[in-house]
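Analysis of the macromolecular model
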Amino acid sequence: MSNKSATASSLLPDNIAALAAYSSAKSEKLSGTTWLNANESPYAKNLELSIEDLNRYPDPQPQLVIERYAAYTQLDNENVLMTRGADEGIELLVRTYCEPAKDSIALFLPTYGMYKVTADTHNVTINALTQALLLNGSVEEIVTAVASAKLVFICNPNNPTGSLTPLDKVKAIASALAGKALVIVDEAYIEFCPEQSATALISQYSNVVVLRTLSKAFALAGLRTGFTLAQESVLAPIRKVIAPYPVSGVVASIAAQAIAPDAITSMRRQVTILNTLKAKLIDWLEASDCVLKILTGEGNFVTLKLADRNYFKTALAQGLVMRAFTLYGEDDWLRISIGSEQELEQVKIWLDGLQMPAATASLAGKEVS
Ligand SMILES: *Cc1c(COP(=O)(O)O)cnc(C)c1O
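Residues numbered from 1 in each chain as written. Predicted model: local features only at pLDDT ≥ 70, side-chain atom pairs only at ≥ 80, totals over all residues. Heavy atoms only, no water.

Each helix and strand in the protein was counted, giving 14 helices and 12 strands. Against the compact-globule benchmark of 21 Å for 369 residues, the protein has a radius of gyration of 22 Å, which places it among compact chains. When the backbone C-alpha atoms are referred to their principal axes, the protein occupies close to 65 × 55 × 45 Å. By the burial criterion, 49% of the 369 residues in the protein qualify as buried. By sequence separation, contacts in the protein at least 24 residues apart represent 72% of the contacts at least 6 residues apart. (Helix = DSSP H or I, 4+ residues; strand = E, 2+ residues; numbered from the N terminus. Rg over C-alpha atoms; globule rule 2.2 N^0.38 Å. Buried < 20%, exposed > 50% of the residue type's maximum accessible area, 1.4 Å probe, protein only. Contact = heavy atoms within 4.5 Å.)

Written as structure tokens, this is what we have:
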């Protein structure tokens, strides 16, 4: 090790030195032809770009985007903050509301990985609760377990299980935690079940925050645009913490087109198609002996347990990239994003070609060749 790098690492705070590199769906350098590993939309957009005025700083919160997103969510402009993806919303909430080495956040595992990554980078403690508690526990049990956590992350629908926390329960939890914690409802997949949105709670509860993104149903993962929705009293301090010019003018112009009324209509049509394709995929998975469990929840993905984790490698060899997961301590789970009909055909071909492992086959009373 050179002297220089030895010096740099000795400068690191302990919580940063202890970080593992975050492994996102795209950071794993996989090669493939069919990409169903990052819950992206198969629909690519045609957009008009006028790149002028790049000598000027952009509007910190582009007016047209804020107005259109407020109209889409039936909120007021002051309730909408535009961010670089929902991921930046998560980070801003932790940076604004949590004191390092003192405060904690609560989350319900298994869930989206960025809550933990963000807390770790800011030296904020994690109160790791379970989806089972969130879904089956009473509001009293949940609030007791949340204890003194300042932020409570409810991913709804939950990635990667697809499970839904009923709105009444979100509301009761928010009510019980009023003045004690912010309840952050991550609605990255809400367009696939829009009637479940918690946005209507915002006017009534000053501790409800909703996170949204254009990365999933709006088919703009590459744009990096998200929204944090809450009462102005919650957003005001975040507006002091966020970078002065977080959103480039180019991004703002694309985002404004993507949430224009006719674009929203087209997004809804695509969601209907994707939900239909998902039902078809679930039928195929149910018919396969090589799939042991299927979590059939909401969202543009299906998570399942394979009879043999090597099936994942078989898929990769065919150019079919899906997301392998360790869930409930088992490393043979897989999440498949709902792609186009042609992409899902590749999943069918893979499924049809799988051989049952000997142990499972004999359990099922099937002949092994
Ligand atoms: C994809 C995803 C996000 C991230 O959204 P970006 O806007 O792309 O940062 C946030 N939360 C959940 C649950 C997601 O699945």
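Attention now goes to the nonpolar core. Residues Phe108, Val146, Leu281, Ile336, Val347 and Trp350 are the most contacted members of the largest nonpolar core, which totals 81 residues. Top contributing element to this core by residue count: helix α11 (residues 261-287), with 9 residues. Inspection of this core shows a minimum of three residues originating in each of domain 1 (3-41 + 266-368) and domain 2 (63-263). Once residues within four sequence positions are removed from consideration, Val146 is found in contact with Ala106, Phe108, Asn127, Leu129, Val152 and Leu177. In this structure, Leu81, Leu92, Leu107 and Leu211 belong to the second largest nonpolar core, which totals 25 residues. (Core = buried A, V, L, I, M, F, W, Y, C linked by side-chain atoms within 4.5 Å. Domains from an automatic or database assignment.)

What follows concerns the side chain of Lys216. Its location among the elements puts Lys216 in the loop between β7 (208-213) and β8 (226-229). One polar contact links Lys216 to Tyr189, side chain to side chain, over a distance of 3.2 Å. With near-sequence residues (within four places) excluded, Lys216 lies in contact with Ala38, Asn39, Ser41, Ala188 and Tyr189. (Polar contact = N/O pair within 3.5 Å; in protein donor to acceptor, adjacent residues only side chain to side chain.)

Okay, the sheet that holds strand β5 (residues 151-155) next. Read across the sheet, 7 strands follow the order β2-β8-β7-β6-β5-β3-β4 without closing on themselves; strand pairing throughout is mixed. The outermost strands of the open sheet, each flanked by one partner alone, are β2 (80-83) and β4 (125-130). Here the strands of the sheet are splayed against their neighbours by 25 degrees on average, with no regard to which way each runs. The sheet contact formed by β7 and β8 spans 4 bridges and is antiparallel. Across the sheet, residue Val210 finds its bridge partner in β8, namely Leu229. Strands β2, β6 (182-186), β7 and β8 of the sheet are contacted by helix α9 (residues 232-241), whose axis makes an angle of about 35 degrees with β2. (Pairing = 2+ DSSP bridges. Axes fitted to C-alpha atoms, helices over the stretch in contact; angles between N-to-C directions.)

This brings us to the site of the ligand. Looking at the ligand, there are 14 residues lining it, with Ala86, Tyr189, Thr213, Ser215 and Lys216 nearest. The contact in question runs from an oxygen atom of the ligand to an N or O atom on the backbone of Ala86, over 2.6 Å. In this structure, an oxygen atom belonging to the ligand sits 3.0 Å away from a main-chain N or O atom of Asp87. Expressed as a share of its isolated accessible area of 390 Å², the protein-covered part of the ligand is 94%. Sorting elements by how many residues they give to the shell around the ligand places helix α4 (residues 85-97) first, with 3 residues. (Near = heavy atom within 4 Å. Areas by Shrake-Rupley, 256 points an atom, 1.4 Å probe, with all protein chains shown as cover.)

If you trace the 5 strands from one edge of the open sheet to the other, you get β1-β11-β12-β10-β9, paired in mixed fashion. Bordering the open sheet on either side are β1 (34-36) and β9 (291-295), each of which pairs with just one other strand. Strand-to-strand twist across the sheet, computed as the mean angle between neighbouring axes with direction ignored, equals 35 degrees. Where α11 meets the sheet, it contacts β9, β10 (301-306) and β12 (330-337), and its direction lies at approximately 10 degrees from that of β10. The strands touched by helix α13 (residues 341-352) are β1, β9, β10, β11 (320-327) and β12; relative to β1, the strand with the most contacts, the crossing angle is about 95 degrees.

The next thing to look at is the pattern of salt bridges. Using the criterion set out here, one finds 12 salt bridges in the structure. Residues Glu330 and Lys305 are paired through a salt bridge, measuring 3.3 Å at the closest nitrogen-oxygen approach. A residue pair is termed long-range when its members are at least 10 positions apart, and Glu330 in strand β12 and Lys305 in strand β10 qualify at 25 residues. Overall, Glu330 belongs to the partly exposed group, its relative accessible area being 27%. Between Asp331 and Arg309 there is a salt bridge, and its shortest N-O distance comes to 3.4 Å. With Asp331 in strand β12 and Arg309 in the loop between β10 and α12 (311-317), this pair connects stretches of sequence that are 22 residues apart. Among the charged side chains, a salt-bridge network with shared partners connects Glu187, Glu191 and Arg212. (Salt bridge = Lys/Arg side-chain N within 4 Å of Asp/Glu carboxyl O.)

Keep in mind these values describe shape, not function.
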